[in-house]
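Residues per chain, in single letters:
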Amino acid sequence: MANFIFNIAKGKDVAYAENVNNNSPANSALVIVLLQAAQADDALRDYDNLSLLLANAGNTEANFTNYGSRKVLTDADGITITVNDTANTVTIDIPDQVWTAAGGTTDNTLAKLLVCYDSDTTAGDDTNIVPVYAYDFVATTNGENLEARPNAAGLSSQ
């Protein structure tokens, strides 16, 4: 298991983050999805949308108490894109994510954190959500706050 960018998103991740920050298209967002079960990385990276990914029995979205709905990050949520001309990189970063009182009644052992791109959050359809990044996220909920920091150096550095 490792951290990776999905094949469908290679070369597009910075543009997705810029779309969200510029609110263009309107209602675009990054969407955080937690998985309690996930296929091997080599199979997982081939999915082109979240609906197909979750349709596979090897991939199960979290359902712990207080998971509620997925985290949705918009232009108001502090997504940063940093161009470093010295290192010749572009880094995308998001704030740490917290699920308050995660679990307790229903607990999950988690395997992956996905950062996805939704070009229109009002559509309400997982076929429109593009998986962008996958991070190993091994944690077990128990009613305490659950904090996720997908990558201390940023989501991506290219």
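Above this text you will find the structure in question.
Just so we're clear, the structure is a prediction, and the values are computed from it rather than from any experiment.

(A) The arrangement of the packing of aromatic side chains in detail. In this structure the tally under the stated criterion is four aromatic pairs. Over the aromatic face of F4 sits the side chain of R45, whose NZ or CZ is 4.4 Å from the ring centroid. For K71, the ring lying beneath its charged end belongs to W99, and the centroid distance is 5.1 Å.

(B) Just the pattern of salt bridges, in detail. For the structure shown, the criterion picks out six salt bridges. Between R45 and D42 there is a salt bridge, with the nearest N and O atoms lying 3.9 Å from each other. Since its relative accessible area comes to 60%, D42 is described here as exposed. D96 is paired through a salt bridge with R149; the nearest N and O atoms lie 3.7 Å apart. Placement of D96 in the loop between β6 (89-93) and β7 (97-99) and of R149 in the loop between β10 (146-148) and β11 (156-157) is noted, with a sequence separation of 53 residues between them. Salt bridges sharing partners connect three or more residues here, namely D41, K112 and D136.

(C) Quick look at the pairing of strand β5 (residues 80-84). By the bridge criterion, five bridges tie β5 to β6 in an arrangement that is antiparallel. The residue of β6 that forms the bridge with V83 is V90. The turn joining β5 and β6, which pair antiparallel and follow one another in sequence, is formed by four residues; a positive phi near 60 degrees is taken by N88.

(D) The arrangement of the nonpolar core in detail. L34, F64, W99, L113, L114 and L146 are the most contacted members of the largest nonpolar core, which has 44 residues in total. Counting residues per element, the ones that place at least two in this core are β1 (4-5), α1 (13-22), β2 (29-37), α3 (50-55), β8 (109-118), β9 (129-140) and β10. Beyond its immediate chain neighbours, meaning those up to four positions away, W99 contacts I32, L34, F64, N66, Y67, K71, L113, E144, N145, L146 and A148.

(E) Spotlight on unusual backbone geometry. The omega torsion of the bond from S24 to P25 falls at 10 degrees, within 30 degrees of zero and hence cis. Tracing the sequence through the fold places P25 in the loop between α1 and β2. The backbone phi angle of N27 is positive, close to 70 degrees, even though this residue is not glycine. Tracing the chain through its elements places N27 in the loop between α1 and β2. The exposure class of N27 is partly exposed, given its relative accessible area of 37%. One non-glycine residue, N66, lies in the positive phi region at around 75 degrees. Mapped onto the elements, N66 comes out in the loop between β3 (60-61) and β4 (71-73).

About the cut-offs
Residues numbered from 1 in each chain as written. Predicted model: local features only at pLDDT ≥ 70, side-chain atom pairs only at ≥ 80, totals over all residues. Heavy atoms only, no water. Phe/Tyr/Trp six-rings, centres within 6.5 Å; stacked < 30°, edge-to-face > 60°. Lys NZ or Arg CZ within 6 Å of the ring centre and 35° of its normal. Salt bridge = Lys/Arg side-chain N within 4 Å of Asp/Glu carboxyl O. Buried < 20%, exposed > 50% of the residue type's maximum accessible area, 1.4 Å probe, protein only. Helix = DSSP H or I, 4+ residues; strand = E, 2+ residues; numbered from the N terminus. Pairing = 2+ DSSP bridges. Core = buried A, V, L, I, M, F, W, Y, C linked by side-chain atoms within 4.5 Å. Contact = heavy atoms within 4.5 Å.

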